[in-house]
Amino acid sequence: MDLQLSGTVAFVAGASKGLGYAAAHAIAREKGHVVICSRSKENIKAASARIREDVEGAKVEGLACDVTDAGEVADAVRQTVDRFGKLNILITNAGGPPSGAATDFSREDWQKAFELNLLSTITLCEEATPHLRKAAAEDGFARILMITSAAAKEPIPRLALSNTARAGVLGYMKSLAHALGPDGITVNSILPGYTKTERLEQLADASRKEDERSREQVFDAWAENNMLKRIGDPAEFGAAAAFLVSKPAAYITGVALAVDGGRTRHLL
Ligand SMILES: NC(=O)c1ccc[n+]([C@@H]2O[C@H](COP(=O)([O-])OP(=O)(O)OC[C@H]3O[C@@H](n4cnc5c(N)ncnc54)[C@H](OP(=O)(O)O)[C@@H]3O)[C@@H](O)[C@H]2O)c1
C-alpha cells in the first residue's frame, strides 16, 4: 500500500533511538520529510545521520529539544515549519518515568512524570495545532499520533507513574480527537507492549535487582505473557505508526491501538 507520505512533513519527538526513531525511520522510508528531536544534540544529530545513511534521499533534520520545556518545544516546531514550509504530522513521545509501586513516590516524582509524559504531549499538540490546521486546510492532510503504553489500558503494578500519566494521555487524546475532528485532523495513540529498546533493557535491569534473574530471563517472562510469545521489534512499531499517520488512515481517529503482540487481553 502506498502510504502517500511523499513530500509531507512530520515532527517526531523523543526520536534519537527506540520507538520514536523507528517511527521517524518508517516515515522517511515512505519519503516523508522528518524533523526529529531529543534532549541531546549529539544523540539527535547521530540519529538523523543514521536515517540519511539508511534511506537514500531521506530529508531528515535533528533538533535538540527537551519536550518538558515549553519554550524549547515552541522553538522546535517553529524551526520545523521554517525548514520545510509546513507541518502535516506530529508524533508525541518522550522517555519513560522510573519504575515503582503506587506507594513508592514523592509528590515531586508524580509531578515530574506528569510533565514528562502528559504535559509534554499537551504542549507539543498546542504548538503544532495552528500549523496542522493550516496543513489540513491547504493539503487536506494533518495527523497527530501519541506514543503511550499498553500500561495505559492495563496497568502494570510496578509502573505506577507510567500507568497514571499515560491514562491521562488517553483522556487527552480522545478529547483532542473530538476538538480537531471538524478541522479534518486525526488524533490517535499507539500503546506499545514490550519492544526491544534501551528503555526495555533499563526496565529489565530494574526488575532484575528485585529478584536476581538474568536480563534474558526477564525478557523471556515478558515474551511468555503475550499471544505471540516474543518481544516486539521497534520496526514493527514503526510500521504501525507510519500507517496511522498516513493518508489512507483518513477515517481512523480517537483510537488507542495496542501494538503489543496480544499482551492486552480484554475484549474491547
Ligand atoms: N520499549 C517498550 O517496550 C515500551 C513499552 C511501552 C511504553 N514505552 C514508552 O514509549 C516511550 C518510548 O520508549 P522507548 O523504548 O523508545 O524509550 P527509549 O529507548 O528510552 O528512548 C526514549 C527517547 O526519547 C528521548 N527523550 C527522553 N526524554 C526526553 C525529553 N524530555 N525530551 C525529548 N526527548 C526525550 C531520548 O533521547 P535523549 O536521551 O537524547 O533525550 C530517546 O530518543 C517511552 O515513554 C516508554 O516508556 C516503551
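Residues numbered from 1 in each chain as written. Predicted model: local features only at pLDDT ≥ 70, side-chain atom pairs only at ≥ 80, totals over all residues. Heavy atoms only, no water.

## With respect to the overall build of the protein
To be explicit about the condition: Helix numbers and strand numbers start at the N terminus; a helix is a DSSP run of H or I with at least 4 residues, a strand a run of E with at least 2. Throughout, radius of gyration means the C-alpha value; the globule benchmark is 2.2 Å times the number of residues raised to the power 0.38. Only protein chains enter the area calculation, which uses a 1.4 Å probe; residues under 20% of their type maximum are buried, those over 50% are exposed, and those in between are partly exposed. By the convention used here, residues are in contact when the closest approach between their heavy atoms is within 4.5 Å. With residues, only the protein chains shown are counted as cover, and all accessible areas are computed by Shrake-Rupley using a 1.4 Å probe. In this tally, Asp and Glu contribute negative charge and Lys and Arg positive charge; neither His nor the terminal groups of the chain are included. Note on charges: their place is set at NZ of Lys, CZ of Arg, CG of Asp or CD of Glu.
Helix and strand counts for the protein stand at eight helices and seven strands. Scaling as 2.2 N^0.38, a compact globule of 268 residues should have a C-alpha radius of gyration of about 18 Å, and the protein matches this with 18 Å. Oriented by its inertia axes, the alpha-carbon framework of the protein measures out at about 55 × 35 × 35 Å. By the burial criterion, 50% of the 268 residues in the protein qualify as buried. Long-range pairs, those at least 24 residues apart, make up 73% of the contacts in the protein between residues at least 6 apart in sequence. Entry remark: accessible area of the protein is about 12,700 Å², with carbon and sulfur atoms responsible for 50%. Here the protein holds 32 positive side-chain charges and 34 negative ones, and the gap between their average locations is 2 Å.

## Comments concerning the nonpolar core
The cut-off we apply is this: Nonpolar core, defined: a set of buried Ala, Val, Leu, Ile, Met, Phe, Trp, Tyr and Cys residues in which side-chain atoms within 4.5 Å join the residues together.
Formed by 37 residues in total, the largest nonpolar core has its most connected members in Phe 11, Ile 144 and Met 146. Where this core is concerned, the elements lending two or more residues are strand 1 (9–12), strand 2 (33–38), helix 3 (70–84), helix 4 (107–139), strand 5 (142–147), helix 5 (160–180) and strand 6 (185–192).

## As for the packing of helix 6 (residues 198–211) against helix 7 (residues 215–224)
Cut-off, in case you're wondering: With axes taken as lines fitted to C-alpha atoms, and helix axes fitted only over the stretch in contact, angles between N-to-C directions fall between 0 and 180 degrees. The labels follow the angle: roughly parallel below 35 degrees, roughly antiparallel above 145, roughly perpendicular from 65 to 115, and oblique for the rest.
Here helix 6 crosses helix 7 at 105°, and the two axes come no closer than 9 Å. Between helix 6 and helix 7, the crossing angle belongs to the class labelled roughly perpendicular. Between helix 6 and helix 7, the residues in contact are Leu 200, Glu 201, Leu 203, Ala 204, Asp 205, Ser 207 and Arg 208 and Arg 215, Val 218, Phe 219 and Trp 222, respectively.

## Things to note about the pairing of strand 1
The condition that has to hold: The pairing criterion is simple: DSSP has to find at least two bridges between the two strands. If you view a crossover with the strands going away from you and the path from the first strand over the helix to the second runs clockwise, you call it right-handed.
Neither face of strand 1 is open: one carries Val 9 and Phe 11, the other Ala 10 and Val 12, and all of them are buried. As paired elements, strand 1 and strand 2 share four bridges and run parallel to each other. Bridge pairing in strand 2 places Phe 11 opposite Val 35. Note on the crossover from strand 1 through helix 1 (residues 18–29) to strand 2: the handedness is right-handed. Across three bridges, the pairing between strand 1 and strand 4 (residues 89–92) is parallel. Looking at strand 4, one finds that Ala 10 is bridged to Ile 89.

## What about the pattern of salt bridges?
Applicable threshold: One speaks of a salt bridge when a side-chain nitrogen belonging to Lys or Arg is within 4 Å of a carboxyl oxygen belonging to Asp or Glu.
By the definition in use, this model includes 11 salt bridges. Note that Arg 158 is salt-bridged to Asp 104, the shortest N-O span being 3.6 Å. On the criterion of sequence distance, the pair formed by Arg 158 in the loop between strand 5 and helix 5 and Asp 104 in the loop between strand 4 and helix 4 is long-range, its members being 54 residues apart. Among the residues examined, Arg 158 registers a relative accessible area of 36% and is labelled partly exposed. A salt bridge links Arg 215 to Glu 201; its shortest N-O distance comes to 3.7 Å. Placement of Arg 215 in helix 7 and of Glu 201 in helix 6 is noted, with a sequence separation of 14 residues between them.

## Some details on the confidence of the model for the protein
For residues with low pLDDT, the predicted coordinates do not support detailed interpretation. To keep things clear, this is the line we draw: A residue's pLDDT is simply how confident the predictor is in it, with values from 0 to 100.
Mean pLDDT for the protein: 96, with 100% of residues reaching 70 or above. Mean pLDDT across the elements of the protein bottoms out in helix 6 (86) and peaks in strand 4 (99).

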